[in-house]
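One letter stands for each residue in the lines below.
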Amino acid sequence: MVDMSVSIGGMTLANPVMPGSGTFGEGMAKVIDLNLLGAIVSKTITHDVREGNPPPRIAEFRDATLFSIGIPSKGADHYVNELVPFYRGYVPPLIASISADTIEGFADLAARISVPGVMAIEANVSCPNIKKDGQAFGMDADATEQVVRAMKAATQVPVWAKLTPNAGNMAAVARAAERGGADALVAANAMLAMAIDVDTFRPKVANLMGGITGRATKPIILRMAYQCAQAVSIPVIGCGGIADANDALEYMLAGCSAVQIGTASFISPNAMPRIINDLEAFCQRRGISRIRDLIGAMQMFEPVMLERRATL
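Presented here is a report on the structure given in the accompanying data block. (Residues numbered from 1 in each chain as written. Predicted model: local features only at pLDDT ≥ 70, side-chain atom pairs only at ≥ 80, totals over all residues. Heavy atoms only, no water.)

## Description of helix H6 (residues 245-253)
Now for step 1: Residues of H6 that are buried include every one of Ala245, Asp247, Ala248, Leu249, Tyr251 and Met252, and no others.
Now for step 2: Lining the buried residues of H6 we find strand E1 (6-8), strand E10 (184-187), helix H5 (218-231), strand E15 (236-239), strand E16 (258-261) and helix H8 (271-286).
Now for step 3: One or two positions beyond H6, positive phi appears at Gly255, with a value near 120°. (Buried < 20%, exposed > 50% of the residue type's maximum accessible area, 1.4 Å probe, protein only. Helix = DSSP H or I, 4+ residues; strand = E, 2+ residues; numbered from the N terminus. Contact = heavy atoms within 4.5 Å.)

## A short note on the packing of helix H4 (residues 170-179) against H5
Two measures define how a pair of helices packs: the angle their axes make with one another and the distance between the axes.
Now for step 1: Two numbers describe how H4 lies on H5: the axes approach to 9 Å, and their chain directions differ by 40°. Taken together, H4 and H5 sit at an angle that is classed as oblique. The way H4 lies across H5 gives a crossing that is right-handed. Of the residues in H5, those in contact with Met170, Ala171, Ala174, Arg175 and Glu178 of H4 are Met224, Gln227, Cys228 and Ala231. (Axes fitted to C-alpha atoms, helices over the stretch in contact; angles between N-to-C directions. Parallel < 35°, antiparallel > 145°, perpendicular 65-115°, else oblique. Left-handed = near helix turned anticlockwise from the far one by under 90°.)

## Here's the deal with the environment of Ala76
Now for step 1: Along the chain, Ala76 falls in helix H1 (residues 75-87).
Now for step 2: When its relative accessible area of 1% is taken as the criterion, Ala76 is described as buried.
Now for step 3: Once the C-alpha coordinates of Ala76 and Val198 are considered, the two residues, 122 residues apart in sequence, prove to be 41 Å apart.
Now for step 4: Sequence-distant contacts of Ala76, that is, excluding residues within four places in its chain, are made with Ile45, Thr46, His47, Leu109, Arg112 and Ile113.

## Quick word on the packing of H6 against H8
Now for step 1: The interhelical angle for the contact between H6 and H8, taken along N-to-C directions, is 65°, at an axis separation of 9 Å. Classed by the angle they form, the pair H6 and H8 counts as roughly perpendicular. The two elements H6 and H8 cross, and the hand of that crossing is right-handed. Contacts between H6 and H8 pair Ala245, Ala248 and Leu249 from the former with Ile275, Asp278, Leu279 and Phe282 from the latter.
Now for step 2: Grouping the constituent residues of the contact of H6 with H8 by class yields six nonpolar, no polar and one charged. (Nonpolar A, V, L, I, M, F, W, Y, C, P; charged D, E, K, R; others polar.)

## So, the pattern of salt bridges
Note that side chains of opposite charge can pair when their charged atoms are close.
Now for step 1: For the structure on display, the rule yields 11 salt bridges.
Now for step 2: The partner of Lys218 in a salt bridge is Asp247, and the shortest N-O contact between them spans 2.9 Å. Residue Lys218 is found in helix H5, and its partner Asp247 is found in helix H6; the two are separated by 29 residues along the sequence.
Now for step 3: Judged by relative accessible area, Lys218 falls into the buried class, the value being 10%.
Now for step 4: Taking the shortest distance from any N to any O, the salt bridge between Asp293 and Arg290 comes out at 2.9 Å.
Now for step 5: Since its relative accessible area comes to 36%, Arg290 is described here as partly exposed.
Now for step 6: Here the salt bridges share partners, and the residues they tie into one network are Arg215, Lys218, Asp244, Asp247 and Glu250. (Salt bridge = Lys/Arg side-chain N within 4 Å of Asp/Glu carboxyl O.)

## Some thoughts on the environment of Ala187
Now for step 1: On the secondary structure map, Ala187 appears in strand E10.
Now for step 2: It is 8.4 Å that separates the C-alpha atoms of Ala187 and Leu222, two residues lying 35 residues apart in sequence.
Now for step 3: Ignoring any residue separated from it by four or fewer positions in sequence, one finds Ala187 in contact with Met170, Ile221, Ala225, Cys228, Val236, Ile237, Gly238, Cys239 and Tyr251.

## Here's the deal with the packing of aromatic side chains
Now for step 1: Following the criterion strictly, the structure yields four aromatic pairs and no others.
Now for step 2: Geometrically, the ring pair formed by Phe106 and Phe137 is edge-to-face, given 5.4 Å between the ring centres and 90° between the ring planes. Note that Phe106 is positioned in helix H2 (residues 103-112) and Phe137 in the loop between strand E8 (118-124) and helix H3 (141-154), a separation of 31 residues in sequence.
Now for step 3: Residue Phe106 is classed as buried on the basis of its relative accessible area of 0%.
Now for step 4: The structure contains a cluster of three or more aromatic residues connected by ring pairs, namely Phe86, Tyr87 and Tyr90. (Phe/Tyr/Trp six-rings, centres within 6.5 Å; stacked < 30°, edge-to-face > 60°.)

## Considerations on the side chain of Thr155
Now for step 1: Counting through the fold element by element, Thr155 comes out in the loop between H3 and strand E9 (159-162).
Now for step 2: By relative accessible area, Thr155 is classed as buried at 6%.
Now for step 3: Side chain to side chain, Thr155 and Ser114 meet in a polar contact 2.5 Å long.
Now for step 4: From its side chain, Thr155 meets the backbone nitrogen of Val157 in a polar contact 3.0 Å long.
Now for step 5: In this structure, Thr155 is in contact with Ala110, Ser114 and Ile121, ignoring residues within four places of it in sequence. (Polar contact = N/O pair within 3.5 Å; in protein donor to acceptor, adjacent residues only side chain to side chain.)

As structure tokens, then:
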């Protein structure tokens, strides 16, 4: 038997696999057994109702997808009154994902949704800060620290910070989130991108730019997740381009305590249960009794080997 459990900021998960926010809804309960997941990360919500961006919202590529959804939300009241009771019927802990355009908005929303059944709150700091000319909170270390600190003062629920890969120095932002009191980090959100239709001369998404996700982004975000794990002492959750168990293993070997699955679930709705099963099978084949022993277990080349390679 393999012990598949991992610890995230004092919370024990049955396994390290969970959905990425924005890629999972209650309808998935009709497709997979939600009780198989390590945690449930619900779609990002805002305090008030939001429609999101106009269509077209999605452009697909061979190994990636450009999304410009715009965080449509039914608001905090709907979340507390409808979604939290729904997810209480399942075993995995519920992680709420929130977005706001001010520091005070993050704190107020965190307090509003800190109800029984919400086990942690993930701050989507990739959203624009209206007090900083629309620059994303997560691109500014000080702003990220202030968001996390304000949320920690507003709630007793653990706070996770979901970082943006668009920051110039994501490790510095990771350290700022840790200073603010974050219990865990998620590395990372989608990468800012765009695409143009050469037949119509129009952008492929109506909002011009969006976030690109999918397997093509994995080497880049894996590097960022590793740098964050090296920079902080709190758990890091890897998120970006994970399509199978080997991808998840790379993130864990790089120092991540758990992983989030996003685009892969659109391609194959049973991606998360499959990855969980394949991770356990990998551990069984390798004689690994605890999956958490893989966290940060990447083996570096010996210096003599690096010198030898440099002469080739």
